[in-house]
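Coordinates in review
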Amino acid sequence: MSIPRIRTYLLNHHIPQRKLISPHRPKAFFFLPILHNWHNSSASHTPAPSPPPSPPVLSPISESLRTSMRALPHPVVILTTAAVVPPTSTGHGITLSTLTCVSLHPHALITFNIKTPSKTSRSMHKHGSFCIHVLHTTPHSAHIANVFAQLAASHNRKLSPWTQLRGQIERDPDTGVPMLGLEDGVISRWRCERYQVVEVEDHEIWVGRVVQIDDLTGGKSEGLMYQNRRFRRVGDEVVAELTKLGEEVNVDQQEEVNVDQEEEKAKEAV
């Protein structure tokens, strides 16, 4: 670093100059505080990344519940919403495994959970619109679901899901929400709007109103599932007792039949 540059830096930053004579070069001089302050100034512009937060310590009952929940299959869907600042980002998205239907009348309502804090949630609060993508059972759709899930987790290396897509990103003309297509294993898209949000502990329970459904496969494909920390597809049919193979079972009617049979047996015993 040249002496003129050092002098300029000192004058601009109002740093006291301390002139010292070098014993090896009598006419040369340097300033002790300079390099130290210059180094600190440069470092201040590139702060070291903060370590990811440690996961919470779960109670024994919470650990048992999480283990038990792994035995249950869950639907795998991707939620997308518009970015808070649209020109600077394609949008936000996360993978969900808590999707279920709440009501069909008078409105078509769905519900799911989001762990907070969440950029996707903040954007949904601002825009009020989002899109649910139901995925097919293909390796590529499982990969896309895994990459979107990494955005909500603390990983040392993250992949942008938007760069992993094979198809073109569409946008809802009314809301600007980015939407995935059939090329990325999407079998249907549910365009939704916010209906209600409830905060529970470190999660938000969202209730969304479905305003439009895009069926991309004619309802002929089965959805991707997640069970025991692995992506799955629907397996063989489990036939209930007292039914024939392949016969559709109406659980409510079956319960009524069983009650009637028990009543008849009780009368015969009397």
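See the structure above.
This is a predicted model, so every value here is computed, not measured. (Residues numbered from 1 in each chain as written. Predicted model: local features only at pLDDT ≥ 70, side-chain atom pairs only at ≥ 80, totals over all residues. Heavy atoms only, no water.)

**Structural notes on the sheet that holds strand β11 (residues 186-200)**
Reading across the sheet, the seven strands line up as β5-β4-β8-β11-β12-β7-β6 and stay open at both edges, with antiparallel pairing between neighbours. Each edge of the open sheet is held by one strand with a lone partner, namely β5 (92-96) and β6 (100-103). Pairwise comparison of adjacent strand axes, ignoring direction, gives a mean angle of 35° for this sheet. Summarising the sheet, β6 and strand β7 (residues 109-115) pair through three bridges and their orientation is antiparallel. Bridged to T100 within β7 is T111. This element, helix α5 (residues 139-150), spans β4 (77-81), β5 and β8 (129-135) of the sheet and lies at about 115° to β5. (Pairing = 2+ DSSP bridges. Helix = DSSP H or I, 4+ residues; strand = E, 2+ residues; numbered from the N terminus. Axes fitted to C-alpha atoms, helices over the stretch in contact; angles between N-to-C directions. Contact = heavy atoms within 4.5 Å.)

**Here's the deal with the sheet that holds strand β3 (residues 74-75)**
For sheets, the rule is that strands pair by backbone hydrogen bonds, running either parallel or antiparallel. Strands sit in the order β3-β13-β14 across an open sheet of three strands; the sheet is antiparallel. Only two strands of the sheet have a single partner each, and these edge strands are β3 and β14 (230-232). Here β3 runs beside strand β13 (residues 225-227); their pairing, made up of two bridges, is antiparallel. Within β13, the residue paired with P75 across the bridge is M225.

**Side note on the nonpolar core**
As a rule of thumb, soluble globular proteins bury nonpolar side chains together. L79, L96, F112, F130 and I132 are the most contacted members of the largest nonpolar core, which totals 17 residues. Of all elements in the fold, only β4, β5, β7, β8, β11 and β12 (203-215) reach the threshold of two or more residues within this core. For L79, the residues in contact, after removing those within four places along its chain, are H92, G93, I94, L96, F112, T120, M124, F130, C131 and I132. In terms of nonpolar packing, the next biggest core, distinct from the first, is built from 12 residues, L135, I144, W162 and L180 among them. (Core = buried A, V, L, I, M, F, W, Y, C linked by side-chain atoms within 4.5 Å. Buried < 20%, exposed > 50% of the residue type's maximum accessible area, 1.4 Å probe, protein only.)

**Things to note about a nonpolar patch on the surface**
On the surface, L65, M69 and L72 cluster together into a nonpolar patch covering about 270 Å² of accessible area. Structurally, the position occupied by L72 is in the loop between α3 (60-69) and β3. We classify L72 as partly exposed; its relative accessible area is 44%. (Patch = residues over 30% accessible without salt bridge, like charges linked within 9 Å, V, L, I, M, F, W, Y side chains within 5 Å. Areas by Shrake-Rupley, 256 points an atom, 1.4 Å probe, with all protein chains shown as cover. Salt bridge = Lys/Arg side-chain N within 4 Å of Asp/Glu carboxyl O.)

**As for the pairing of β8**
Buried residues dominate β8, accounting for seven of its seven residues. A two-sided burial pattern is seen for β8, the buried positions comprising S129, C131, H133 and L135 on one face and F130, I132 and V134 on the other. In the sheet, β4 pairs with β8 via four bridges, with the strands oriented antiparallel. Paired with L79 across the bridge in β8 is I132. Bridge count between β8 and β11: seven bridges; the pairing is antiparallel. Bridge pairing links F130 to C192 in β11.

Any functional reading would require information that these geometric values do not contain.
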